[in-house]
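# Remarks on the overall topology
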Amino acid sequence: MTQRQEFRVLRTYEGFEMREYMPCVIAEVKVSAQYSIATSSAFGSLFRYISKGNKASQKIAMTAPVIAAQRAESSDSQDWYVSFVMPAGSNRERLPDPSDSNVHLRELAAQTCVASSFRGKATEELSAKKIKELRAAAAKVNISLSDENRICRFDPPVKPGFLQYNEIVIPAFLNQL
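Cut-off values and rules
Residues numbered from 1 in each chain as written. Predicted model: local features only at pLDDT ≥ 70, side-chain atom pairs only at ≥ 80, totals over all residues. Heavy atoms only, no water. 1 Å grid on protein atoms, 1.4 Å probe; cavity = no way out; pocket = protein on both sides within 12 Å on 5 of 7 lines; lining within 4 Å. Points joined across faces, edges and corners; volume = space filled by probe spheres on them. Helix = DSSP H or I, 4+ residues; strand = E, 2+ residues; numbered from the N terminus. Nonpolar A, V, L, I, M, F, W, Y, C, P; charged D, E, K, R; others polar. Expected span 1.5 Å × (residues − 1). Buried < 20%, exposed > 50% of the residue type's maximum accessible area, 1.4 Å probe, protein only. Arc of directions from axis to C-beta. Contact = heavy atoms within 4.5 Å. Phe/Tyr/Trp six-rings, centres within 6.5 Å; stacked < 30°, edge-to-face > 60°. Lys NZ or Arg CZ within 6 Å of the ring centre and 35° of its normal. Pairing = 2+ DSSP bridges.

## Thoughts on the layout of surface pockets
- Each pocket or cavity is described by its volume, and for the largest pocket that value is around 510 Å³.
- Around the largest pocket, the lining comprises 24 residues; the ones closest to its centre are Val 66, Arg 153, Asp 155, Pro 156 and Pro 157.
- Elements represented by at least two residues in the lining of the largest pocket include exactly α1 (35-50), β5 (63-64) and α2 (124-140).
- Taken together, the residues that form the lining of the largest pocket break down as 11 nonpolar, seven polar and six charged.
- In this structure, the second largest pocket encloses a volume near 220 Å³.
- The wall of the second largest pocket is formed by 15 residues, among which Ile 26, Arg 106, Leu 108, Glu 148 and Arg 150 lie closest to the centre.
- Among the secondary structure elements, those contributing two or more residues to the lining of the second largest pocket are β4 (24-32), β6 (66-70), β7 (79-85) and β8 (104-108).

This is how it looks when you write it as structure tokens:
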């Protein structure tokens, strides 16, 4: 089974969970494109990195999910940050440098986020609807959220759409918890 990004559930609300994501390292590619092609554009570079396409020719285990994020500081709504989470226990110093200059390694500290899951192909329309629903549910219980949205896809695109498992994850502000 594919290893997943580590987290613990802090609290369960109606329609979503509050989670603490453990520190991790991500391999990330910035893509300026429509959502429908952003993930597939970046996937090749990321997959090559974990498939010995790095300066040490080292194979790195595939993990889930593949994350497509839009960040608040991005002024262009077409900017997507597509990432693979490196296996648990990885740190930046022990990972090989990418051979592809588009791939950047970044350490993430522990982070509190809200998350909701859904089944179906994570299209732009369905993802936008799920983001809106999660933001509304969090607002109902007075949880303040960042402007970043993460669409987390756990299944390969060849899996039938109605069977695909996905999550929307949004960082929460700690002072509101």
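## Considering α2
- Compared with an ideal rise of 1.5 Å per residue, which puts 17 residues at 24 Å, α2 spans 24 Å between its outermost C-alpha atoms and is within 8% of the ideal.
- What α2 keeps buried is the set Ser 127, Lys 130, Ile 131, Leu 134, Ala 137 and Ala 138. One side of α2 carries all its buried residues, which in axial view fall inside an arc of 130 degrees. Facing away from the buried side of α2 by more than 90 degrees, the exposed set consists of Glu 125, Lys 132 and Lys 140.
- As for α2, its buried residues are in contact with β3 (16-21), α1, β9 (111-119), β10 (149-153) and β11 (165-171).
- Downstream of α2 by one or two residues, Asn 142 has phi in the positive range, about 60 degrees.

## Description of empty space enclosed by the protein
- Scanning the entire structure with this criterion turns up two cavities of 30 Å³ or more.
- Its volume calculated, the largest cavity comes out at about 90 Å³.
- Taken together, 13 residues form the lining of the largest cavity, with Glu 6, Cys 24, Val 85, Met 86 and Ala 88 sitting closest to its centre.
- When its volume is computed, the second largest cavity comes out at roughly 40 Å³.

## Here we look at the packing of aromatic side chains
- For the structure on display, the rule yields six aromatic pairs.
- With centroids separated by 5.4 Å and ring planes inclined at 45 degrees, the aromatic side chains of Phe 7 and Tyr 21 adopt a geometry described as tilted. Here Tyr 21 lies in strand β3 and Phe 7 lies in strand β2 (residues 7-13), a separation of 14 residues in the sequence.
- Measuring from centroid to centroid gives 4.8 Å for Tyr 13 and Phe 16, while their planes differ by 10 degrees, and the two rings are stacked. We note that Tyr 13, like Phe 16, is buried.
- Members of the aromatic cluster, each reached through a chain of ring pairs, are Phe 43, Phe 47 and Phe 84.
- Above the ring of Phe 7, the side-chain terminus of Arg 19 is found at 4.0 Å from the ring centroid.
- The side chain of Arg 71 reaches across the aromatic face of Tyr 81, ending 3.7 Å from its centre.

## Observations concerning the pairing of β6
- Buried residues dominate β6, accounting for four of its five residues.
- Sheet topology note: the β6/β7 ladder contains four bridges and is antiparallel. The partner of Ala 68 across the bridge, within β7, is Val 82.
- By the bridge criterion, five bridges tie β6 to β10 in an arrangement that is antiparallel. By the bridge assignment for β10, Ile 67 is matched with Cys 152.

## Things to note about the pairing of β11
- A large share of β11 lies buried, amounting to seven of its seven residues.
- The alternating pattern of β11 places Tyr 165, Glu 167, Val 169 and Pro 171 and Asn 166, Ile 168 and Ile 170 on opposite faces, both of which are buried.
- Here β9 runs beside β11; their pairing, made up of seven bridges, is antiparallel. Across the sheet, Ser 117 pairs through a bridge with Glu 167, a residue of β11.
- As paired strands, β10 and β11 are joined by four bridges and run antiparallel to one another.

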